[in-house]
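# Summary of the model geometry
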Amino acid sequence: MQRSPIDIDSFIIQAHSLWLKKWLVLTCGDFRTGTFNAMTVGWGSFGTMWNKPFAQVVVRPTRYTYEFMENYESFTLCAFPAEYRKALQVIGSKSGRDGDKIKEAGLTPIASTKVASPGFAQAELIVELKKIYWADLDPGHFLDETIENNYPLKDYHRMYFGEILAINGIPSYNNAM
């Protein structure tokens, strides 16, 4: 996939559609050592926090990727063309504890430009992030009682905020093109 650097001020997305309909792959670990894991994510946000461009992701403590998010300082978010939907289903439904789901999905990890966590050769968008904050969701703070329906096992997500350090993508993500 031919990607080019995108300045944060030129980065354009349809955030709700990107998370809900397109999905993203969250990858955390160290490409150089081959120690990393990935999972498909459909909940999160992009914005500005503490005067920094950021993305926020949520990971349940039962997920294998949670261990990586706890132990490494960076992560990536990757978006893929529609033809990789089945690959994203594999990444989202299987655990890296049980085998090489990235290889099974047919995805090729590649080095990122600024962080240790890898991106993927097939991605149309790679956002590189450094963790800057985390917090556990507190069900006592849910103001909409239907939110609790997402947690029948009481496995509440941990939120991670990452400062965006680099963005590489195809022209449709770049307002400067």
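Quick note: structure is the one above.
Residues numbered from 1 in each chain as written. Predicted model: local features only at pLDDT ≥ 70, side-chain atom pairs only at ≥ 80, totals over all residues. Heavy atoms only, no water.

### Some words on the packing of aromatic side chains
Heads up, the condition is: Stacked, tilted and edge-to-face are the three classes applied to pairs of Phe, Tyr and Trp rings, where Trp contributes its six-membered ring and a pair requires centres within 6.5 Å; stacked means planes under 30 degrees apart, edge-to-face means over 60, and tilted covers the rest. Elements are defined by DSSP. Helices are runs of H or I of four residues or more, strands are runs of E of two residues or more, and each kind is numbered from the N terminus. For every residue, the accessible area (1.4 Å probe, protein chains only) is compared with the maximum for its type, and the residue is labelled buried under 20%, exposed over 50%, or partly exposed between those bounds. The rule for a charge over a ring is simple: NZ of Lys or CZ of Arg within 6 Å of the ring centre, and within 35 degrees of the ring normal.
For the structure shown, the criterion picks out 14 aromatic pairs. With 5.0 Å between their ring centres and 90 degrees between their planes, Tyr64 and Phe68 make a pair best called edge-to-face. A residue pair is termed a helical-turn pair when its members lie 3 or 4 positions apart in one helix, as Tyr64 and Phe68 do in helix H2 (residues 64-71) at four residues. Judged by relative accessible area, which is 8%, Phe68 ranks as buried. In this structure an aromatic cluster arises from ring pairing among Trp50, Phe54, Tyr133 and Phe161. Note that Arg85 overlies the ring of Trp23, its terminal NZ or CZ placed 3.3 Å from the centroid. A cation sits over an aromatic face here: Arg158 above Trp134, 3.6 Å from the ring centre.

### So, the nonpolar core
Inclusion rule: What is meant by a nonpolar core is a set of buried Ala, Val, Leu, Ile, Met, Phe, Trp, Tyr and Cys residues, joined one to another through side-chain atoms within 4.5 Å. A contact between two residues is defined here by any heavy atoms of the two lying within 4.5 Å.
Counting residues in hydrophobic clusters, the biggest one holds 27 residues, and the most contacted among them are Leu26, Phe46, Leu77 and Val127. Beyond its immediate sequence surroundings of up to four residues, Phe46 is in contact with Phe11, Ile13, Leu18, Trp19, Leu24, Phe54, Ala55, Leu77, Val127 and Ile164. By size, the runner-up hydrophobic cluster in this structure holds 16 residues, among which are Val25, Ala87, Leu88 and Ile102.

### Here's the deal with helix H3 (residues 85-93)
Quick reminder: α-helices carry 3.6 residues per turn. Residues three or four places apart thus point the same way. Rule in force here: Directions drawn from the helix axis to the C-beta atoms are what define this arc.
For H3, every residue scored as buried is listed here: Ala87, Leu88, Val90 and Ile91. End-on, the buried residues of H3 take up no more than an arc of 155 degrees, which puts them together on one face. Exposed and oriented more than 90 degrees from the buried face of H3 are Lys86 and Ser93. Buried residues along H3 sit against helix H1 (15-22), strand E2 (24-30), strand E3 (35-41) and helix H4 (101-105).

### A look at the pattern of salt bridges
Two side chains carrying opposite charge are able to pair once their charged atoms lie near each other. Under the convention used in this document: Criterion for a salt bridge: a side-chain nitrogen of Lys or Arg within 4 Å of a carboxyl oxygen of Asp or Glu.
Considering all chains together, one arrives at nine salt bridges under this definition. We note a salt bridge from Arg60 to Asp155, for which the minimum N-O separation is 2.7 Å. Here the residue Arg60 occupies a position in the loop between strand E5 (52-59) and H2, and Asp155 occupies one in the loop between strand E9 (125-136) and strand E10 (158-169), the gap between them amounting to 95 residues. The class of Asp155 is buried, set by a relative accessible area of 11%. The salt bridge involving Asp136 is made with Arg158; its shortest N-O contact spans 2.6 Å. Linking Asp136 in strand E9 with Arg158 in strand E10, this pair joins segments that are 22 residues apart in sequence. By relative accessible area, Arg158 is classed as buried at 8%.

### Considerations on the side chain of Ser112
Selection criterion: Nitrogen and oxygen atoms within 3.5 Å of one another constitute a polar contact, given that in protein one can donate a hydrogen and the other can accept it, and given that sequence-neighbouring residues count only through two side-chain atoms.
Inspection of the secondary structure assignment puts Ser112 in the loop between strand E7 (109-110) and strand E8 (119-120). A distance of 2.5 Å separates a polar side-chain atom of Ser112 from the backbone oxygen of Ser117.

### Here's the deal with unusual backbone geometry
Located in the positive-phi region is Asn51, a residue other than glycine, with phi close to 65 degrees. Structurally, the position occupied by Asn51 is in the loop between strand E4 (44-49) and E5. Of the residues examined, Asn51 reaches a relative accessible area of 78% and is grouped as exposed. Phi is positive for Lys154, close to 60 degrees, though the residue is something other than glycine. Within the secondary structure, Lys154 is located in the loop between E9 and E10.

In short, shape yes, function no, at least from these values alone.
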